[in-house]
Amino acid sequence: MRQLVRETQLNAGQLVLPLFARSGRKLRHPIAAMPGVFQLSPDELVREAARAHEAGVPAVLIFGIPDRKDARASGAYAANGIVQQAVRLLKKELPQLLVVTDICLCEYMEHGHCGLVQRDKDGARILNDPTLKLLARTAASHVQAGADIIAPSDMMDGRVRAIREELDRLGFTEIPIMAYAAKFASAFYGPFREAAESTPKFGDRRSYQMDPANAAEALREVALDIQEGADIVMVKPALAYLDIVQRVKEEFGYPTAAYAVSAEYSMVKAAAANGWIDERAVTLESLLSMRRAGADIIITYAAADVARWLKGS
Ligand code: PBG
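Because the structure is predicted, anything quoted here is derived from the model rather than measured.

**Examining the packing of aromatic side chains**
As enumerated under the stated definition, the model contains eight aromatic pairs in all. Aromatic pair Tyr259 and Tyr301: ring centres 6.1 Å apart, planes at 45°, arrangement tilted. Here Tyr259 is found in strand 11 (residues 256-260), whereas its partner Tyr301 is found in the loop between strand 12 (297-300) and helix 11 (303-311), with 42 residues between them in sequence. You'll find Tyr259 and Tyr301 in the same group, each marked buried.

**Some points on the packing of helix 10 (residues 279-293) against helix 11**
Contact geometry for helix 10 and helix 11: axes closest at 11 Å, N-to-C directions at 100°. As summarised for this structure, helix 10 and helix 11 are arranged roughly perpendicular, according to the angle between their axes. Across the interface between the two elements, Glu279, Arg280, Thr283, Leu284 and Leu287 of helix 10 pack against Val306, Trp309 and Leu310 of helix 11. Considered class by class, the residues forming the contact of helix 10 with helix 11 number five nonpolar, one polar and two charged.

**Comments concerning the pattern of salt bridges**
Taken as a whole and assessed by the stated rule, the structure comprises 15 salt bridges. The shortest N-O distance in the salt bridge between Arg159 and Asp225 comes to 3.2 Å. Of this pair, Arg159 sits in helix 5 (residues 159-169) while Asp225 sits in helix 7 (residues 216-228); the two residues are 66 residues apart in sequence, bridging distant segments of the chain. Summarising the burial analysis for this pair, Arg159 and Asp225 share the class buried. Where Arg169 meets Glu166, a salt bridge forms, and the shortest distance between an N and an O atom there is 3.0 Å. One end of the pair, Arg169, and the other, Glu166, are both in helix 5, three residues apart, so they sit about a helical turn from each other. Given a relative accessible area of 60%, Arg169 falls into the exposed group.

**What about the environment of Gln96?**
In this fold, Gln96 is placed in the loop between helix 3 (82-93) and strand 5 (98-103). Under the relative-accessibility criterion, Gln96 is labelled exposed at 68%. When the C-alpha positions of Gln96 and Pro58 are compared, they lie 8.2 Å apart, and in sequence the two are 38 residues distant.

**Let's talk about the packing of helix 5 against helix 7**
Two numbers describe how helix 5 lies on helix 7: the axes approach to 8 Å, and their chain directions differ by 15°. In terms of their interaxial angle, helix 5 and helix 7 are classed as roughly parallel. The two elements helix 5 and helix 7 cross, and the hand of that crossing is right-handed. Counting all contacts with helix 5, which are made through Arg159, Val160, Arg161 and Arg164, the residues of helix 7 involved are Asp225, Gln227 and Glu228. Here the contact of helix 5 with helix 7 is composed, by residue class, of one nonpolar, one polar and five charged.

**Thoughts on the state of the cysteines**
All chains considered together, the criterion is met by zero disulfides. Counting only cysteine sulfurs, Cys104 is the nearest neighbor of Cys106, a cysteine outside any disulfide, at a range of 3.8 Å. When its relative accessible area of 5% is taken as the criterion, Cys106 is described as buried.

**So, the side chain of Lys236**
Mapping Lys236 onto the fold places it in strand 10 (residues 232-236). No salt bridge is formed by the buried Lys236; its nearest oppositely charged neighbour, Asp102, is found at 5.8 Å. Ignoring any residue separated from it by four or fewer positions in sequence, one finds Lys236 in contact with Tyr180, Ala182, Lys183, Phe184, Tyr189, Tyr259 and Val261.

**Concerning helix 5**
Buried within helix 5 are the following residues: Arg159, Val160, Ala162, Ile163, Arg164, Glu166 and Leu167. Contact partners of the buried residues in helix 5: strand 5, helix 4 (128-145), strand 8 (149-152), strand 9 (178-183) and helix 7. Phi turns positive, to about 90°, at Gly171, one or two residues after helix 5.

Procedures and definitions
- Residues numbered from 1 in each chain as written.
- Predicted model: local features only at pLDDT ≥ 70, side-chain atom pairs only at ≥ 80, totals over all residues.
- Heavy atoms only, no water.
- Phe/Tyr/Trp six-rings, centres within 6.5 Å; stacked < 30°, edge-to-face > 60°.
- Helix = DSSP H or I, 4+ residues; strand = E, 2+ residues; numbered from the N terminus.
- Buried < 20%, exposed > 50% of the residue type's maximum accessible area, 1.4 Å probe, protein only.
- Axes fitted to C-alpha atoms, helices over the stretch in contact; angles between N-to-C directions.
- Parallel < 35°, antiparallel > 145°, perpendicular 65-115°, else oblique.
- Contact = heavy atoms within 4.5 Å.
- Nonpolar A, V, L, I, M, F, W, Y, C, P; charged D, E, K, R; others polar.
- Salt bridge = Lys/Arg side-chain N within 4 Å of Asp/Glu carboxyl O.
- Left-handed = near helix turned anticlockwise from the far one by under 90°.
- Disulfide = S-S within 2.5 Å.
- Lys, Arg positive; Asp, Glu negative; His and termini not counted.

What follows is the structure, given as structure tokens:
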């Protein structure tokens, strides 16, 4: 009865599991602030993806940690870069699994910023336009390795168009772009920066990520990304920004993703480890609220657990 009148459903089929790839074999390097999350060598990453896929999770989102970083993020678009290797192996071993790749340069830059940086006597500046070429090149090399969906998270202006044009030029007209359209400059990304080893060495990301106080601006950013060719729009973080999720879904009616980011996961894990909350109940309720707000897709580090819980095992 309750099921019949339920307005909102949460299904494993709506979940995306983020995974961190780094080179090596049989490597599972734990992330201290994210219990249950690891930096994985490609072989281990495939195992982790297979487990999630068996539980019903249809997609993974791949981040890479390169062996070496430089000032041009060359590891991001290297044909044999870590993401490219992981994607090739995933598509070979698990052809049914959807592989989404994160497009950003911060993990590959020695300074940890998401774009090219010019340093001068007044400090440092992000060079927006020259960064676009590198992002487009990165996206193309991910698709050439087999990626099914491209997810730019850098927040440079014009990146969706630059990536769309490059993919179309190469004949990849069918590859969708899931744009991190409303990405706030958030303290909730703290544990991710440990996981991806991408903490900026100087300054912060506030010149290219959005002020948490601004909702109308978020809608303008989403409109721009849609104009530039985004197929799916994302709001990030999720739980503290459900109003944005709701407004984006209502205003544009586009497929909308919510990213339950690293600290959303860490906070639940920490409180649960202390016996203060019920991990499963709190996680399911939080994800359900994202669905209620209008998210079609939920990206969460708990995806595999959630899929198993929903199955009742
Ligand atoms: C940027 C990127 C970040 C996250 C996803 N892509 C970090 C940032 O902008 O600092 C954060 C995800 C999370 O916290 O789980 N490459």
